[in-house]
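Observations on the three-dimensional arrangement
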Amino acid sequence: MATGSAKAVPPSWKPVLDAVLSAPEARKLGGWLKTEEAAGKRIYPPRGSRLRALELTPLDDVKVVILGQDPYHGPGQAHGLAFSVPEGVKTPPSLVNIYKELANDCGVTIPPHGNLEHWARQGVLLLNNSLTVQEGQAGSHQNKGWEAITDAAVAAVAAKKEPCVFLLWGNHARKKAERVTGLAGGHHLVLTAPHPSPLSAHSGFFGCRHFSRANEFLKANGRAPIDW
């Protein structure tokens, strides 16, 4: 697979991802990534961090799903979690707007960093559609094979009996969710809004109150809320 070995997949996700990871498309993706790296192209995030979202949020623990498009493509930004950057890296504009909405919605003090690992460890799956990108080229690894793997992860959450919340920001996230049959409706809560980027946040992301609505739903279904 693309990370070097199927053994890299966290145990809780292996049963639902083994089939797709053993498919020819996954092997093709792995070979293509090796070729790109051998050619001297910088790929983000580095090996060892590409499945970070799955490592920090075991399938059994998932409560909320937030879908991103692809990793940040600047040096030092991507570390395997959608919308998140390591501490010490400038908070990206979309995350700045996420923090603004969170502060207005829940009164949360905006942190001085953009590391969202504390969300992931509480059951917020921060999953990008593509799990790698070439430096300086947004979307460069789309349609290379990652989608089948991340679709399978989203489908596994949708199949959970425990009620979960899907926060779908922007057309890309909505289209990804639509590829997973049975996601909308049923016992899960699906909330949609424009993307939090500066280009669209004022078109309905601000004021969506997704964070408080997610917690209200979790509490109503006997699940612990997220400490945003």
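You'll find the structure just up there.
Since the model is a prediction, treat every value here as computed from it, not as a measurement.

What counts and what doesn't
Residues numbered from 1 in each chain as written. Predicted model: local features only at pLDDT ≥ 70, side-chain atom pairs only at ≥ 80, totals over all residues. Heavy atoms only, no water. Buried < 20%, exposed > 50% of the residue type's maximum accessible area, 1.4 Å probe, protein only. Helix = DSSP H or I, 4+ residues; strand = E, 2+ residues; numbered from the N terminus. Pairing = 2+ DSSP bridges. 1 Å grid on protein atoms, 1.4 Å probe; cavity = no way out; pocket = protein on both sides within 12 Å on 5 of 7 lines; lining within 4 Å. Points joined across faces, edges and corners; volume = space filled by probe spheres on them. Nonpolar A, V, L, I, M, F, W, Y, C, P; charged D, E, K, R; others polar. Axes fitted to C-alpha atoms, helices over the stretch in contact; angles between N-to-C directions. Parallel < 35°, antiparallel > 145°, perpendicular 65-115°, else oblique. Left-handed = near helix turned anticlockwise from the far one by under 90°. Contact = heavy atoms within 4.5 Å. Expected span 1.5 Å × (residues − 1).

Considerations on the pairing of strand β2 (residues 64-68)
- Counting buried positions along β2 gives five out of five residues, so the element sits mostly inside the fold.
- The two faces of β2 match: Val-64, Ile-66 and Gly-68 on one face and Val-65 and Leu-67 on the other face are all buried.
- Pairing geometry for β2 and strand β3 (residues 124-128), over five bridges, is parallel. Residue pairing for β3: Gly-68 is matched across the bridge by Asn-128.
- Pairing of β2 with strand β5 (residues 165-169), which is carried by three bridges, proceeds in the parallel orientation. Paired with Ile-66 across the strands is Leu-167, a residue of β5.

A closer look at the layout of surface pockets
- Of the voids in this model, the largest pocket is the one considered here, and its volume is about 360 Å³.
- Around the largest pocket, the lining comprises 20 residues; the ones closest to its centre are Asp-70, Pro-71, Tyr-72, Ser-94 and His-195.
- In the lining of the largest pocket, the residues fall into nine nonpolar, 10 polar and one charged.

Side note on the packing of helix α1 (residues 14-21) against helix α6 (residues 146-158)
- Look at α1 against α6: their axes get within 9 Å of each other, and the N-to-C directions meet at 150 degrees. Comparing the axis directions of α1 and α6 gives the class roughly antiparallel. Seen from above, α1 lies across α6 with right-handed handedness. Here Val-16, Leu-17, Val-20 and Leu-21 of α1 lie close against α6, whose contacting residues are Ala-148, Ile-149, Ala-152, Ala-153 and Ala-156.
- Looking at the contact of α1 with α6 residue by residue, the class counts come to nine nonpolar, no polar and no charged.

Some points on α6
- With 13 residues, α6 should reach 18 Å at 1.5 Å per residue; the first-to-last C-alpha distance of 18 Å fits that figure.
- Most of α6 sits inside the fold, with 11 of its 13 residues counted as buried.
- Those residues of α6 not exposed but buried are Trp-146, Glu-147, Ile-149, Thr-150, Asp-151, Ala-152, Ala-153, Val-154, Ala-156, Val-157 and Ala-158.
- Next to the buried residues of α6 lie α1, α2 (24-38), β2, β3, β5 and α7 (171-178).

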